Protein chains: 2
Amino acid sequence: MTDEATAFVPGHVTGFFSAHSHDDPLQAGSRGAGLTLSHGVEVTVEPSDGTDSTTTLDGDPVEMPPVERVLAGLGVDAAVRAETELPLGAGFGVSGAMALGTALAANTVFGCARSENELVALAHAAEVRSGTGLGDVVAQARGGMPVRLDPGAPDHGRLDGVPARPDIEYVTFGELSTEEVLSGDTDRLSAAGEDALALLAEEPTPAQFMYASRRFAREAGLLTDEVTETIRAVSEAGGEASMAMLGRTVFALGTGLSDAGYDAVSCRTHPAGATLR
Amino acid sequence: MTDEATAFVPGHVTGFFSAHSHDDPLQAGSRGAGLTLSHGVEVTVEPSDGTDSTTTLDGDPVEMPPVERVLAGLGVDAAVRAETELPLGAGFGVSGAMALGTALAANTVFGCARSENELVALAHAAEVRSGTGLGDVVAQARGGMPVRLDPGAPDHGRLDGVPARPDIEYVTFGELSTEEVLSGDTDRLSAAGEDALALLAEEPTPAQFMYASRRFAREAGLLTDEVTETIRAVSEAGGEASMAMLGRTVFALGTGLSDAGYDAVSCRTHPAGATLR
């Protein structure tokens, strides 16, 4: 047992997806595609005696069911500290990142001797059971621009990727409840997601990803007014933008948002999946 | 079409493997495990008019059949420049790195619109057909400490990983022909490789990987005198070392080789797979 361990997990913005429920959380998940970001979550785990097993995000205690499920799955008591520049609940996969980072770091601290796939599966199942996400964890484990060909954890899901690393800008207008959207009727959303995935398969490039994502955002009926307006403004300035699923967040290729006059945060597509520091 | 593109592909040291031949090169390959290295190959591709389609390695023209097969598979004429601190033919997967880096960079330069899996499959098949490697490419596409559960390209092979990023040292005594070893009788080697993979599955940790690799190196009958002596010296100094497959190279965890008095090169387990710069 070491004193503590830290993992970095990239943020993940989903452009489009279809939801696939299953009684087995390892087989439940989503198909779709997204971008992992060089902005992510740094998760540090240290042993706890059970009385101080709190989870903090940027110093503040948080309720984070996926993290608790991961620790329970490993059978350990730990304090989890997460630091991130990304907003929570805005479509950046922060809860998935915390679950996956906890799995990787706790495995090291407590010498659990699990494999990477086992740790990804544990974090994926924890997210699905908590209703906080369906595909962020497997995407964050891969890095780059992950394409989820089949839903589920590593033994079930299949991934591909768009071989490119565009610069990214984003702007956030606030939260959107993943749990609320996913617990509602997802048929229309999923049909649009399947169409978008077929479009991307024809031409796996960043431009086609943005086109398929915009089409999905419109057809899935999740657009808010400020998001619609921002995407249009980027487009009029000659750029490519879409909505982060699920958040009131717009992301753009290159300098699309600042070219359109927005005060955007800039980062890059992350080259790697989640990794121990 | 852009002017040029560059990809970085980590070096890859295989600790143990079993060889699996198949008429379809996408299904041929190896099972086994290894380490990707922060030392790797930087591959730059630019268009050529057919008269200057040379491949260079550290400035010198080289014959590199896997690279030529990748370019032919994409249907493009290109000049390929590779730069590396790793020695060729010493078990670091330099030919696989050149094939994979060429695939990623050429796809960008020529706008081929292939997916990541398609590019990895192309490079894997090029290596297998050239007889220069069986598993480096898929391992180099993943990064970390890749475990090849099943042989073959992405649609066929399955990967897992050891979730750790140890510091690594290596020392090289010279070349060993991959083609020669793989074209000989590989039954004994493959039986030892299957045993080693089972050992690692029991406990996917760096220490167990080194133990399984040493056992494989002995049983496969590939050890040379200087390699045997070096592994023993590291062990006597309290460290963990084994032989890079296939090369007259010894790699060690942490500072194992310098602790034993060797003038070793040091690097780290690379966190990511091959990536565009």
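Values in this document were obtained by computation on a predicted structure and should not be read as measured data.

**Quick word on the relation of the copies chain A and chain B**
Part 1: By a simple turn and slide, chain A fits onto chain B: the slide is 0.0 Å along the axis, the RMSD is 0.0 Å, and the turn is 180 degrees. Look at the turn and shift together and you get a two-fold axis relating the two. Of every C-alpha in chain A, the one belonging to Ala-272 of chain A sits nearest the axis of rotation, 2.3 Å from it.
Part 2: Interface residue correspondence from chain A to chain B reaches 100%, placing this contact among same-surface, isologous pairings.

**Things to note about the packing of aromatic side chains**
Residues and elements named next belong to chain A.
Part 1: One pass over the structure, following the stated rule, counts 8 aromatic pairs over all chains.
Part 2: With a centroid separation of 5.7 Å and an interplanar angle of 55 degrees, the aromatic rings of Phe-17 and Phe-216 are classed as tilted. In this pair, Phe-17 sits in strand β1 (residues 5-20) while Phe-216 sits in helix α7 (residues 206-220), placing the two residues 199 residues apart along the sequence. This pair shows no difference in class: Phe-17 is buried, exactly as Phe-216 is.
Part 3: Pairwise contacts between aromatic rings join Phe-16, Phe-209 and Phe-251 into one cluster.

**Focus on unusual backbone geometry**
Part 1: For the bond running from Met-245 of chain A to Leu-246 of chain A, omega is 0 degrees, close enough to zero to count as cis.
Part 2: Tracing the backbone shows Leu-246 of chain A in the loop between β9 (241-243) and β10 (248-253).
Part 3: Positive phi is not limited to glycine here, since Ala-113 of chain A has a value of about 55 degrees.
Part 4: Topologically, Ala-113 of chain A is positioned in the loop between α2 (94-109) and α3 (116-130).
Part 5: Here Asp-58 of chain B, not a glycine, exhibits a phi torsion of approximately 50 degrees, which is positive.
Part 6: Along the polypeptide, Asp-58 of chain B turns up in the loop between β3 (55-57) and β4 (60-61).

**Some details on a negative patch on the surface**
Part 1: Judged by side-chain charge, Asp-58, Asp-60, Glu-83 and Glu-85 of chain A come together as a negatively charged surface patch.
Part 2: For Asp-60 of chain A, the location among the structural elements is in strand β4 (residues 60-61).

**With respect to the sheet that holds strand β10 (residues 248-253) of chain B**
Residue and element names in this part refer to chain B.
Part 1: Taken in spatial order, the 4 strands make up an open sheet running β9-β10-β8-β11, and their pairing is antiparallel. Among the strands making up the open sheet, the edge pair consists of β9 (241-243) and β11 (265-268). Strand-to-strand twist across the sheet, computed as the mean angle between neighbouring axes with direction ignored, equals 30 degrees.
Part 2: Pairing of β9 with β10 involves 3 bridges; the strand directions are antiparallel. Residue pairing in the sheet places Met-243 in a bridge with Val-250 of β10.

**Some thoughts on the interface of chain A and chain B**
Part 1: Taken together, the contact between chain A and chain B spans 29 residues of the former and 29 residues of the latter.
Part 2: For the chain A and chain B pair, buried surface summed over both sides reaches about 2000 Å², with 48% attributable to carbon and sulfur atoms.
Part 3: Along the contact surface separating chain A from chain B lie 4 salt bridges.
Part 4: Ionic pairing is found between Glu-116 of chain B and Arg-142 of chain A, a salt bridge with its closest N-O pair at 2.7 Å.
Part 5: Counting every contact that joins chain A to chain B gives 18 residue pairs in polar contact (both at pLDDT 80 or more).

**Here's the deal with the pattern of salt bridges**
Part 1: The tally for this structure, following the rule as stated, stands at 22 salt bridges over all chains.
Part 2: Residue Asp-155 of chain A is joined to Arg-158 of chain B by a salt bridge in which the shortest nitrogen-to-oxygen separation is 3.8 Å. One end of the pair, Asp-155 of chain A, is in the loop between β6 (145-150) and β7 (158-162); the other, Arg-158 of chain B, is in strand β7 (residues 158-162), on a second chain.
Part 3: Asp-155 of chain A sits in the exposed class, given a relative accessible area of 59%.
Part 4: For Arg-158 of chain B, a relative accessible area of 40% translates into the label partly exposed.
Part 5: One salt bridge in this structure joins Asp-167 of chain B and Arg-268 of chain B, with 3.7 Å as the shortest N-O distance. Here Arg-268 of chain B lies in strand β11 and Asp-167 of chain B lies in strand β8 (residues 167-174), a separation of 101 residues in the sequence.
Part 6: Its relative accessible area of 44% is what places Asp-167 of chain B among the partly exposed residues.

**Examining the environment of Arg-277 of chain A**
Part 1: Note on placement: Arg-277 of chain A falls in the segment after β12 (275-276).
Part 2: For the pair Arg-277 of chain A and Thr-132 of chain A, spaced 145 residues apart in sequence, the C-alpha separation works out to 25 Å.
Part 3: Apart from the residues within four sequence positions on either side, Arg-277 of chain A is in contact with Thr-6, Ala-7, Phe-8 and Glu-42 of chain A together with Arg-165 and Arg-268 of chain B.

**Focus: the nonpolar core**
Here is a general trend for soluble globular proteins: nonpolar side chains tend to be buried in one another's company.
Part 1: Core analysis: the biggest nonpolar cluster contains 82 residues, and Phe-16, Leu-37, Val-45, Phe-209, Phe-216 and Phe-251 of chain B have the highest contact counts within it.
Part 2: Here the element with the most residues in this core is helix α2 (residues 94-109) of chain B; it accounts for 10 residues.
Part 3: Excluding anything up to four places from it in sequence, Val-45 of chain B contacts Asp-3, Glu-4, Ala-5, Ala-78, Ala-79, Val-80, Thr-102, Ala-105, Ala-106, Val-109 and Phe-110 of chain B.
Part 4: Within the second largest apolar cluster, 81 residues are counted, among which are Ala-5, Leu-35, Val-120 and Ala-252 of chain A.

**Digging into the pairing of β10 of chain B**
Side-chain positions along a regular strand alternate between the two faces of the sheet.
Residues and elements named next belong to chain B.
Part 1: Extensive coverage of β10 is indicated by the burial of 5 of its 6 residues.
Part 2: By the bridge criterion, 6 bridges tie β8 to β10 in an arrangement that is antiparallel. Residue Ile-168 lies in a different strand from β10, and its bridge partner there is Leu-253.
Part 3: Hairpin connection of β9 to β10: 4 residues between the antiparallel strands.

**Things to note about the sheet that holds β10 of chain A**
Residue and element names in this part refer to chain A.
Part 1: On the basis of which strands lie adjacent, the open sheet formed by 4 strands has the order β9-β10-β8-β11 and antiparallel pairing. Sheet topology places β9 and β11 (265-268) at the edges, where each strand pairs with a single neighbour. Each neighbouring strand pair of the sheet contributes to a mean axis angle of 30 degrees, computed without reference to strand direction.
Part 2: Two strands pair when backbone bridges link them, and strand β8 (residues 167-174) and β11 are joined in this way by 4 bridges, in the antiparallel orientation. In the strand pairing of β11, Asp-167 is matched with Arg-268.
Part 3: The sheet strands contacting α7 are β9 and β10, and the helix crosses β9 at an angle near 45 degrees.
Part 4: With respect to the sheet, helix α8 (residues 225-236) is in contact with β8, β9 and β10, its orientation differing from that of β10 by roughly 10 degrees.

**Some points on the UniProt feature "domain: GHMP kinase N-terminal" (unreviewed entry) in chain A**
Part 1: This chain's UniProt record puts "domain: GHMP kinase N-terminal" (unreviewed entry) on residues 77-144 of chain A.
Part 2: Each end of residues 77-144 of chain A is marked by a C-alpha atom, and these two atoms are 32 Å apart; helix forms 56% of the span and strand 10%.

Reading the values: the criteria
- Residues numbered from 1 in each chain as written.
- Chains lettered and ligands numbered in written order.
- Predicted model: local features only at pLDDT ≥ 70, side-chain atom pairs only at ≥ 80, totals over all residues.
- Heavy atoms only, no water.
- Least-squares fit on C-alpha atoms with pLDDT ≥ 70 in both.
- Contact = heavy atoms within 4.5 Å.
- Phe/Tyr/Trp six-rings, centres within 6.5 Å; stacked < 30°, edge-to-face > 60°.
- Helix = DSSP H or I, 4+ residues; strand = E, 2+ residues; numbered from the N terminus.
- Buried < 20%, exposed > 50% of the residue type's maximum accessible area, 1.4 Å probe, protein only.
- Patch = residues over 30% accessible without salt bridge, like charges linked within 9 Å, V, L, I, M, F, W, Y side chains within 5 Å.
- Areas by Shrake-Rupley, 256 points an atom, 1.4 Å probe, with all protein chains shown as cover.
- Salt bridge = Lys/Arg side-chain N within 4 Å of Asp/Glu carboxyl O.
- Lys, Arg positive; Asp, Glu negative; His and termini not counted.
- Charge placed at Lys NZ, Arg CZ, Asp CG, Glu CD.
- Pairing = 2+ DSSP bridges.
- Axes fitted to C-alpha atoms, helices over the stretch in contact; angles between N-to-C directions.
- Buried area = accessible area lost by both parts, 1.4 Å probe.
- Polar contact = N/O pair within 3.5 Å; in protein donor to acceptor, adjacent residues only side chain to side chain.
- Core = buried A, V, L, I, M, F, W, Y, C linked by side-chain atoms within 4.5 Å.
- UniProt positions renumbered as here; feature names shortened; annotations may be inferred.

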